[in-house]
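Read off the chains here:
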Amino acid sequence: MNETVVCVAGNVATRPVYRESAAGPSARFRLAATARYWDREKNTWTDGHTNFFTVWANRQLAVNLMASVEVGHPVVVQGRLKVRSEMRDGQPTWTSADIDAVAIGHDLARGTAVFRRAARPEAPTESPATATRPEPNWETPPPTPAPDTEQEQGRDREREREREQDQPQREPAAVT
């Protein structure tokens, strides 16, 4: 089946709504994506047409969405585009562009974000062959503090001199 996968950058237009169902958690919000262009006559950036999408998130993405996204946040959404419409008496009554999200993230071109790995629910006991390895610690260690006293600074200089003396001296290469 061919699907239309889109990536849309825009702003969260409505408060995300969370629902818990038998199929698992889901959340939705409206995304506003406004085109901007350079107006040569006015010599300034101008807003173009705004497209609105209903973004749907399921399972863990829905849970993480609720903990991370608020109205006004700039986000990037990737997912499958679905256009729905309803007809009555042969006339279209409404049309909706929905995105079944695969990934949602803050738009770092417009601000900063802090990432926190979500806690996973406890899994049933696993055999050693299928057990997952622990997550590595990727945190940067704090910088070592500078010596506080003159005595410590003197010891550091002395250690540095000893290291330099321990290194073998190299003779310059002969030029022929």
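All values derive from a computational prediction rather than experimental measurement.

1. Some words on the overall build of the chain
A count of helical and extended segments in the chain gives 2 helices and 6 strands. Going from N to C terminus, the chain has its helices and strands arranged as β-β-β-β-α-β-β-α. Across the 176 residues in the chain, those meeting the buried criterion constitute 19%.

2. Considering the packing of aromatic side chains
Applying the stated criterion across every chain, the model contains 1 aromatic pair. Ring geometry for tryptophan 38 and tryptophan 45: centres 5.6 Å apart, planes at 75°, overall edge-to-face. With relative accessibility at 41%, the residue tryptophan 38 sits in the partly exposed group.

3. Details of the nonpolar core
Of all hydrophobic cores here, the largest spans 18 residues; its most connected members are Val8, Phe29, Leu31, Phe53 and Val77. Among the elements of the structure, β1 (5-12), β3 (24-39), β4 (44-58), α1 (59-68), β5 (74-88) and β6 (91-106) are those that each provide at least two residues to this core. No other element matches the 4 residues that β3 contributes to this core.

4. Quick word on a nonpolar patch on the surface
Together, Tyr18, Val63 and Met66 give the surface a local cluster of nonpolar side chains, amounting to about 210 Å² of exposed area. Here valine 63 lies in helix α1.

5. Digging into the pairing of β1
Bridging between β1 and β5 involves 7 bridges; their strand directions are antiparallel. Opposite alanine 9, over in β5, you have valine 76 as the bridge partner. Looking at chain direction, β1 and β3 are connected through 2 bridges and run antiparallel. Considered in β3, the bridge of asparagine 11 is made with alanine 32.

6. With respect to unusual backbone geometry
Within the chain, arginine 59 stands out as a residue other than glycine whose phi angle is a positive 55°. Tracing the chain through its elements places arginine 59 in helix α1.

7. Remarks on the confidence of the model for the chain
Averaged over the chain, the pLDDT score is 82; the fraction of residues at 70 or greater is 72%. Element-level pLDDT for the chain is lowest in helix α2 (residues 150-166), with a mean of 70, against a maximum mean of 94 in β1.

8. As for the environment of glycine 10
When you line up the elements, glycine 10 lands in strand β1. By relative accessible area, glycine 10 is classed as buried at 5%. Separated by 22 residues in the primary sequence, glycine 10 and alanine 32 have C-alpha atoms spaced 5.4 Å apart. Setting aside chain neighbours within four positions, we find glycine 10 in contact with Leu31, Ala32, Ala33, His73, Pro74, Val75 and Arg110.

Calculation rules
Residue indices begin from 1 for each chain and proceed along its sequence in written order. Selection of residues for local features in this predicted model requires a pLDDT of at least 70, selection of side-chain atom pairs for listing and counting requires 80 or more, and totals for whole chains, interfaces and linings are taken over all residues. Excluding hydrogens and water, the side-chain values take into account all heavy atoms of the structure. Secondary structure elements are taken from DSSP: a helix is a run of H or I of four residues or more, a strand is a run of E of two residues or more, and numbering for both begins at the N terminus. A 1.4 Å probe rolled over the protein chains alone gives each residue an accessible area, and that area as a share of the maximum for its type sets the label: buried under 20%, exposed over 50%, partly exposed in between. Here the aromatic set is Phe, Tyr and Trp, taking the six-membered ring for Trp, and pairing holds for ring centres within 6.5 Å; pairs whose planes are under 30 degrees apart are stacked, those over 60 apart are edge-to-face, and all others are tilted. Put simply, buried Ala, Val, Leu, Ile, Met, Phe, Trp, Tyr and Cys residues joined by side-chain atoms within 4.5 Å make one nonpolar core. Only residues whose relative accessible area exceeds 30% and that take part in no salt bridge are eligible for patches, with like-charged residues grouped when within 9 Å of each other and nonpolar side chains (Val, Leu, Ile, Met, Phe, Trp, Tyr) grouped when within 5 Å. Here the Shrake-Rupley method, with its probe set to 1.4 Å, supplies the accessible areas, and only the displayed protein chains count as covering residues. Any carboxyl oxygen of Asp or Glu within 4 Å of a side-chain nitrogen of Lys or Arg constitutes a salt bridge here. Between any two strands, pairing holds if DSSP finds at least two bridges. The predictor rates its confidence in each residue with pLDDT, a number between 0 and 100. What makes two residues a contact is simply this: any of their non-hydrogen atoms within 4.5 Å.

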